[in-house]
Amino acid sequence: MQFSFDTKLNSIAAKVERGERLTFDEGVALYKTDDLNALGKLADFVRRKKHGRTTYFNVNRHFNHTNICVADCKFCGFYKRARQEGAYTHSIDEGIQIARDAVAEGATELHIVGGLNSKLPFEYYTDLFSSLKREFPALHLKALTMVELDFMARFYKMADEEVIQRLKAAGMNSCPGGGAEIFAEPTRSRICDHKCDGTRWLELAGKVHKAGLKTNATMLYGHIETIEDRIDHFIKLRQQQDKTGGFQCFIPLAFYPSGTALSSLPGPDGIDSLKTIAVSRLMIDNFDHIKAYWVMLGKHTAQTALHFGANDLDGTITDGGELTESYAAENGEVKMSRAELIAMIENAGFEAVERDTVYNRVERQSA
Ligand code: V47
């Protein structure tokens, strides 16, 4: 039986087998193939070479400290202006209460992101992180995107290095991958022209890596971007990783149009999502982990994505019902039990391994 009915895939498959880096044009060809099975097989080959049957998940919680934002991203259904109804900023005590609930449920990670809020002093963040660390020293704070760090450097008039060092000293342990959206211009400017550009996002990620912290990277897909924009995004991440090496995980984020300024768009379908997982696994060859983020993909597609190159499902999440809910694919569902995550992974034929944020195994006395 021949490998693929798409003859273009044969030479790419030979390169993948030899472990050679793929070009821009090969990335486009992978996306444009109609042979989803062959594409999935190639991505699964790489995934199994790196991770065997292991599929990671974690027990985590999201905390969105504020939804007030000076940016105006067309894809966002979460943000409010400061005087708009529904605008909020959580107090530090509220943050501690959310972390307390999370720790009681076994969370090892608090994922903290919010809007670009010009009403908050820099000390809000350092106080929040140091207070959380005082109460819960073992809780990993995966906090603030490159867009938030860029805003802080500009708004509080500090050097990037000072922003990063002060946040790190206060308790920031790593950074999530948000805010990357799509690096390519003019697409980026059309969907989020108030926030930093792709070059700046990558520069800051490099600076965080140099400060000794890991970060993740995302790509928002299924809105107005082209296939070429997506491949450009993968190659820029690959180049940055070659330079600073601190990215742990890539997370393609499926655009959820409802409640946004782009609500007339359909968003990506299941085939597009599986292709995006697979092509990212093949193109971003120097990232260890590809995450199928079940909240945005929906559980069925996320589980299937484990056969298309993904080796991580993110976590139990348990959101306070804010940012994550604004883009959740399945009726605002933002919580899954540990047992359900394990069953999803095992039913797909993989071995479920609980990890902490930086991919150490977590052993528990009882499940
Ligand atoms: O940057 C906003 C995206 C991101 C929508 O690092 C939307 O482990 C879809 O980055 N439809 C924030 N996406 C979430 C994020 C993330 C999530 C989970 C894990 C990690 C990690 C990072 O959410 C934003 C933006 O790209 N987003 N609105 C929307 N309507």
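What counts and what doesn't
- Residues numbered from 1 in each chain as written.
- Predicted model: local features only at pLDDT ≥ 70, side-chain atom pairs only at ≥ 80, totals over all residues.
- Heavy atoms only, no water.
- 1 Å grid on protein atoms, 1.4 Å probe; cavity = no way out; pocket = protein on both sides within 12 Å on 5 of 7 lines; lining within 4 Å.
- Points joined across faces, edges and corners; volume = space filled by probe spheres on them.
- Helix = DSSP H or I, 4+ residues; strand = E, 2+ residues; numbered from the N terminus.
- Nonpolar A, V, L, I, M, F, W, Y, C, P; charged D, E, K, R; others polar.
- Axes fitted to C-alpha atoms, helices over the stretch in contact; angles between N-to-C directions.
- Parallel < 35°, antiparallel > 145°, perpendicular 65-115°, else oblique.
- Contact = heavy atoms within 4.5 Å.
- Buried < 20%, exposed > 50% of the residue type's maximum accessible area, 1.4 Å probe, protein only.
- Right-handed = clockwise from strand over helix to strand, strands pointing away.

## Observations concerning empty space enclosed by the protein
What the rule picks out here adds up to two cavities of 30 Å³ or more. Around the largest cavity, the lining is made up of 41 residues, and of these G178, G179, E181, L323 and Y327 lie nearest the centre. Secondary structure elements with two or more residues in the lining of the largest cavity: α6 (146–155), β5 (215–221), β6 (247–254) and α14 (323–327). Top contributing element to the lining of the largest cavity by residue count: α14, with four residues. Across the lining of the largest cavity, the residue classes tally to 21 nonpolar, 14 polar and six charged. Looking at the lining of the second largest cavity, its residues break down into five nonpolar, two polar and one charged.

## Looking at the packing of helix α1 (residues 8–18) against helix α3 (residues 36–51)
Orientation of α1 relative to α3, taken along the N-to-C sense of each, is 5 degrees, at an axis distance of 11 Å. By the angle class used here, α1 and α3 are roughly parallel. Only A38, L39, L42, F45, V46 and K49 of α3 make contact with α1, whose side of the interface consists of L9, I12, A13, V16 and E17. Of the residues that constitute the contact of α1 with α3, the class distribution is nine nonpolar, no polar and two charged.

## Some words on unusual backbone geometry
Note: most residues except glycine have negative phi, and most peptide bonds are trans. A cis amide bond links E185 with the next residue in sequence, P186, at an omega value of 5 degrees. Inspection of the secondary structure puts P186 in the loop between α7 (160–170) and α8 (187–192). A positive phi angle, near 55 degrees, is found at K157, a position not held by glycine. Of note, K157 is situated in the loop between α6 and α7. By relative accessible area, which is 73% here, K157 ends up exposed. Phi is positive for Y359, close to 65 degrees, though the residue is something other than glycine. Structurally, the position occupied by Y359 is in the segment after β9 (351–354).

## Here's the deal with the pairing of β5
Regular strands place side chains that alternate from one sheet face to the opposite one. The buried fraction of β5 amounts to seven of the seven residues, a majority that puts the element mostly inside the structure. Judged by which residues are buried, β5 turns out to be covered on both faces: T215, A217, M219 and Y221 on one side and N216, T218 and L220 on the other are all buried. In this fold, the crossover linking β5 to β6 by way of helix α10 (residues 227–244) has right-handed handedness.

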